[in-house]
Amino acid sequence: MNVFDLAALRPRLPSPLEPVADERFARHGVRLLLKRDDLIHADLPGNKWRKLAPNLRAAAGRPVLTFGGAYSNHLRATAAAGRLLGFPTVGVVRGDELAGKPLNASLAACAADGMRLHFVDRATYRRTSEPEVLAELLERAGEREGCWVVPEGGSNALAAQGCTELGRELRGRADVAAVACGTGGTLAGLAAGLGDGARALGIPVLKGAFLGERTAALQEEAFGGPAGDWSLDERFHFGGYARVPPDLDAFAQDFEARHGLPVERLYVAKMLYALVALAGEGAFPSGTTVAAVITGRPQSPASR
């Protein structure tokens, strides 16, 4: 399969938009919709498809080098894309203590899909955007020439541009579009695509007030300046990335039982929890339609 032949992967686009009856919203006059981006593609679900597709077109079959932690959904999606489309992939993994140890299920899936894994210490990982550090990593990976580099989480200007289609699919159908955020690329594009009269709400899943600046910078790179109406609510990270305390897990189990939707814990559960809390606080006026973007599916217990 040719790397340009992304349509041959038969993505489900536009993704379904499903209304759900939930009294926690209805009692406040709020209508909840689920934007099922998790159904776009089995191996490249949700925002992974939307962010990777424009980068893969730009890579044009060249090796792709990218970055992530030990449980990175982005690394898994990139590795799967390499297998499906026939191009080499390299994953730079945060944490040199993992080198030489048995791979967890997530990294094992990457390796099974042909991704070459390179483990780096955390101090170096924080500097991977620096040209000299990146050059050294490319040298170590044997990809100094002709390699396409995609940042952690897949968020760059191309990714933000790719995510504008998500906003366009929701134009006129939602007043608020909410999405869980890790690196800001999906939020940047979602807001740009929504158009006038609607706003994008980002729920960061990491601690630290950095995502607003990062999202604004991505919009500058992708669109030349601010685009669309967006905001962040940073109260719902539950202690940081990959933290799933019992109350969050209980909420996710309850949502699954109510609506028959498998709830991914690291991103989607936090976003849905935030929306229930915000509805209870009266943050959405009566008559508001809220679309919750479901960006991924749960991993198996072994790979969480």
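Small disclaimer: the values here were computed from a predicted structure and weren't measured. (Residues numbered from 1 in each chain as written. Predicted model: local features only at pLDDT ≥ 70, side-chain atom pairs only at ≥ 80, totals over all residues. Heavy atoms only, no water.)

1. A short note on the sheet that holds strand S9 (residues 229-232)
Okay, so step 1: Spatially, S1-S2-S10-S7-S8-S9 is the arrangement adopted by the six strands of the open sheet, whose pairing is mixed. A single partner strand is all that each edge strand has here, and the edge strands are strand S1 (17-20) and S9. Between one strand and the next, the sheet's axes are offset by a mean angle of 25 degrees, whatever the strand orientation.
Okay, so step 2: Across four bridges, S1 lies against strand S2 (residues 31-35) in antiparallel orientation. Each bridged residue has a counterpart across the sheet, and for Pro-19 the counterpart in S2 is Leu-33.
Okay, so step 3: Against the sheet, helix H8 (residues 185-194) contacts strand S7 (176-181), strand S8 (199-204) and S9, and its axis sits at roughly 170 degrees relative to S8. (Pairing = 2+ DSSP bridges. Helix = DSSP H or I, 4+ residues; strand = E, 2+ residues; numbered from the N terminus. Axes fitted to C-alpha atoms, helices over the stretch in contact; angles between N-to-C directions. Contact = heavy atoms within 4.5 Å.)

2. Observations regarding the packing of aromatic side chains
Okay, so step 1: Within the structure shown, the criterion is met by six aromatic pairs.
Okay, so step 2: Ring geometry for Phe-67 versus Tyr-125: centroids 6.4 Å apart, planes at 80 degrees, classification edge-to-face. Here Phe-67 is found in strand S3 (residues 64-68), whereas its partner Tyr-125 is found in helix H5 (residues 122-125), with 58 residues between them in sequence. You'll find Phe-67 and Tyr-125 in the same group, each marked buried. (Phe/Tyr/Trp six-rings, centres within 6.5 Å; stacked < 30°, edge-to-face > 60°. Buried < 20%, exposed > 50% of the residue type's maximum accessible area, 1.4 Å probe, protein only.)

3. Comments concerning the pattern of salt bridges
Okay, so step 1: Summed over all chains, the structure comprises 21 salt bridges.
Okay, so step 2: Of the charged contacts in the structure, one is a salt bridge between Arg-50 and Asp-37, with a shortest N-O distance of 2.6 Å. Residue Arg-50 is found in helix H2 (residues 47-59), and its partner Asp-37 is found in the loop between S2 and H2; the two are separated by 13 residues along the sequence. Taken as a pair, Arg-50 and Asp-37 share a single burial class, namely buried.
Okay, so step 3: Between Arg-50 and Glu-169 there is a salt bridge whose closest N-O contact spans 3.0 Å. With a gap of 119 residues between them, Arg-50 in helix H2 and Glu-169 in helix H7 (residues 157-170) connect regions that are remote in the sequence. Comparing Arg-50 with Glu-169, the two get one shared label, buried.
Okay, so step 4: The structure contains a network of salt bridges with shared partners spanning Asp-22, Glu-23, Arg-24, Asp-254 and Arg-258. (Salt bridge = Lys/Arg side-chain N within 4 Å of Asp/Glu carboxyl O.)

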